[in-house]
Amino acid sequence: MGLEAGPGAAPGEISTPAGAPAPRGRARPRRASVGGRPAQDRELRAQGRQTLRNLLEAGLAEFDERGFQAVRVDDIVRRAQISHGTFYLYFSNKEDLFKALLRDALHDMGQVTDEFPVVTRNAAGLTALRQWVHEFCETYAAHAAVIRTLSQAEIVGEEVWGDGLKLLFRLAEAMAQGMTAATGAAEHAELTAVACLMMLERVNYLLTVEVRLPREEMEERIAAIMFAAFNPPA
C-alpha cells in the first residue's frame, strides 16, 4: 500500500471476491504476531507472548511518532519498559521488529482484499461497497505507521517493498473483479481499480497524519465515486 508500480512490474496473484464484509462499525481484531526470534524455535508461553506484544506495540507507537529512520532500539525498550537483553531475545534489530509488524499489516490487508464484495448495480451493491470501504479504513488506521513506512522503498528494502506492491496489485484485481462480476466486464477495469485504490489510500494517508477531514463523509464519497466509476450513465 502507498506504492506506485514501476515500469514492467508484474501483478500479484488474483484474488477471487468473497462475500460481504463484516457489518459496519465492527472493528477487525488485531492478530498477534508470530514474528520474532523465539517463535522460530519454540512456542511462546503466556508471559513471552505478552512481552512480544508489548515490544510490537511499543515499536508501532515509536515508528508512528518518530518515523522509521529516527527510531532506536533504546526508544522501543524504554516505551515497552523492557530491557535491551530481553529485546534481543525476540528481535535482532528494529528492522526485524518492523518486519513482524509488516507481516501483521499484510495479513490484515490481505483479509480485507479477500472480503471485497460482488457489487451489484443497485442500492444493495452500493451499501456493500460502503461497508467494504469502511473496513479498509479501519484496517489501514490500525497499521498506518507500517503502511506509511512501506511506501519508502529506500528505507525498507526491495524485498519488503515488493511484498507491499504485490498486495496492491492483488487488491486492485479483486476490486476490478468485484465491481464487474455482476454487470459484465468494464473497459479498462483494472486501470480504473488502480485509480480508485490510489484515491482510497491517499485519503487514508491524510487521515492518519491528522489532516482534518470528516472521515465518515469521506468514506461515503469514496464509495460513491468508486461505484460511479464502474457504473457510468448509459
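In this text the structure is predicted, and so the values were computed from the model without any measurement.

Glancing now at the overall build of the protein chain. Broken down by element type, the protein chain carries 11 helices and 0 strands. Listing every helix and strand of the protein chain by position from the N terminus yields α-α-α-α-α-α-α-α-α-α-α. The buried share of the protein chain, taken over its 234 residues, is 46%. Surface accessibility of the protein chain: about 12000 Å² in total, with carbon and sulfur atoms responsible for 51%.

The next thing to look at is unusual backbone geometry. Its identity as a non-glycine residue notwithstanding, Gln-81 has a phi of 60°, on the positive side. Among the structural elements, Gln-81 can be located in the loop between α3 (73-80) and α4 (84-90). A residue is classified by how much of its surface remains accessible, and Gln-81, at 75% relative accessible area, is exposed.

As a further point, take the nonpolar core. Core analysis: the biggest nonpolar cluster contains 33 residues, and Phe-116, Leu-129, Trp-132, Val-133, Phe-136, Met-175 and Met-226 have the highest contact counts within it. The set of elements that each furnish at least two residues to this core consists of α5 (94-114), α6 (123-142), α7 (144-150), α9 (158-180), α10 (189-208) and α11 (215-230). Element by element, the count of residues in this core is highest for α9, at 8 residues. Residues Ala-80, Ala-100, Ala-105 and Val-160 belong to the second largest nonpolar core, which totals 26 residues.

With that out of the way, let us pick up the packing of aromatic side chains. Considering all chains together, one arrives at 8 aromatic pairs under this definition. Consider the rings of Phe-68 and Phe-98, whose centres lie 5.3 Å apart with planes at 70°: the pair is edge-to-face. Taken together, the positions of Phe-68 in the loop between α2 (46-66) and α3 and Phe-98 in helix α5 put the pair 30 residues apart, joining distant regions of the chain. For the pair Phe-68 and Phe-98, a shared accessibility class is recorded, and that class is buried. Ring centres 6.2 Å apart and planes at 35° place the aromatic pair Phe-136 and Tyr-140 in the tilted group.

Turning to a nonpolar patch on the surface, a few remarks are in order. A contiguous nonpolar patch, built from Leu-206, Val-209, Val-211 and Leu-213 and spanning about 250 Å² of accessible area, is present on the exposed surface. Within the secondary structure, Val-211 sits in the loop between α10 and α11. A relative accessible area of 36% means that Val-211 is categorised as partly exposed.

Let us now look at the side chain of Asp-75. As for its position among the elements, Asp-75 is in helix α3. Within the local environment of Asp-75, its side chain forms a polar contact with the side chain of Arg-78, the two groups lying 3.3 Å apart. Once residues within four sequence positions are removed from consideration, Asp-75 is found in contact with Glu-62, Arg-66 and Ala-70.

Note: predicted coordinates in regions of low pLDDT should not be interpreted at a detailed level. Confidence along the protein chain averages 81 in pLDDT terms, with 77% of residues attaining 70 or more. Ranking the elements of the protein chain by mean pLDDT puts helix α1 (residues 37-41) last, at 45, and α3 first, at 97. Counting interchain partners and residues more than four positions distant, the pLDDT-below-50 stretch residues 2-42 has 98 contacts.

This next bit is on the packing of α9 against α10. Two elements in contact, α9 and α10, have axes whose closest approach is 8 Å; the angle formed by their N-to-C orientations is 115°. Classified by chirality, the crossing of α10 by α9 is right-handed. Between α9 and α10, the residues in contact are Leu-168, Leu-171, Ala-172, Glu-173, Met-175, Ala-176 and Thr-180 and Ala-189, Glu-190, Ala-193, Val-194, Cys-196, Leu-197 and Met-198, respectively. For the contact of α9 with α10, the per-class residue count stands at 11 nonpolar, 1 polar and 2 charged.

Thresholds applied
- Residues numbered from 1 in each chain as written.
- Predicted model: local features only at pLDDT ≥ 70, side-chain atom pairs only at ≥ 80, totals over all residues.
- Heavy atoms only, no water.
- Helix = DSSP H or I, 4+ residues; strand = E, 2+ residues; numbered from the N terminus.
- Buried < 20%, exposed > 50% of the residue type's maximum accessible area, 1.4 Å probe, protein only.
- Areas by Shrake-Rupley, 256 points an atom, 1.4 Å probe, with all protein chains shown as cover.
- Core = buried A, V, L, I, M, F, W, Y, C linked by side-chain atoms within 4.5 Å.
- Phe/Tyr/Trp six-rings, centres within 6.5 Å; stacked < 30°, edge-to-face > 60°.
- Patch = residues over 30% accessible without salt bridge, like charges linked within 9 Å, V, L, I, M, F, W, Y side chains within 5 Å.
- Salt bridge = Lys/Arg side-chain N within 4 Å of Asp/Glu carboxyl O.
- Polar contact = N/O pair within 3.5 Å; in protein donor to acceptor, adjacent residues only side chain to side chain.
- Contact = heavy atoms within 4.5 Å.
- pLDDT = per-residue confidence, 0-100.
- Axes fitted to C-alpha atoms, helices over the stretch in contact; angles between N-to-C directions.
- Left-handed = near helix turned anticlockwise from the far one by under 90°.
- Nonpolar A, V, L, I, M, F, W, Y, C, P; charged D, E, K, R; others polar.

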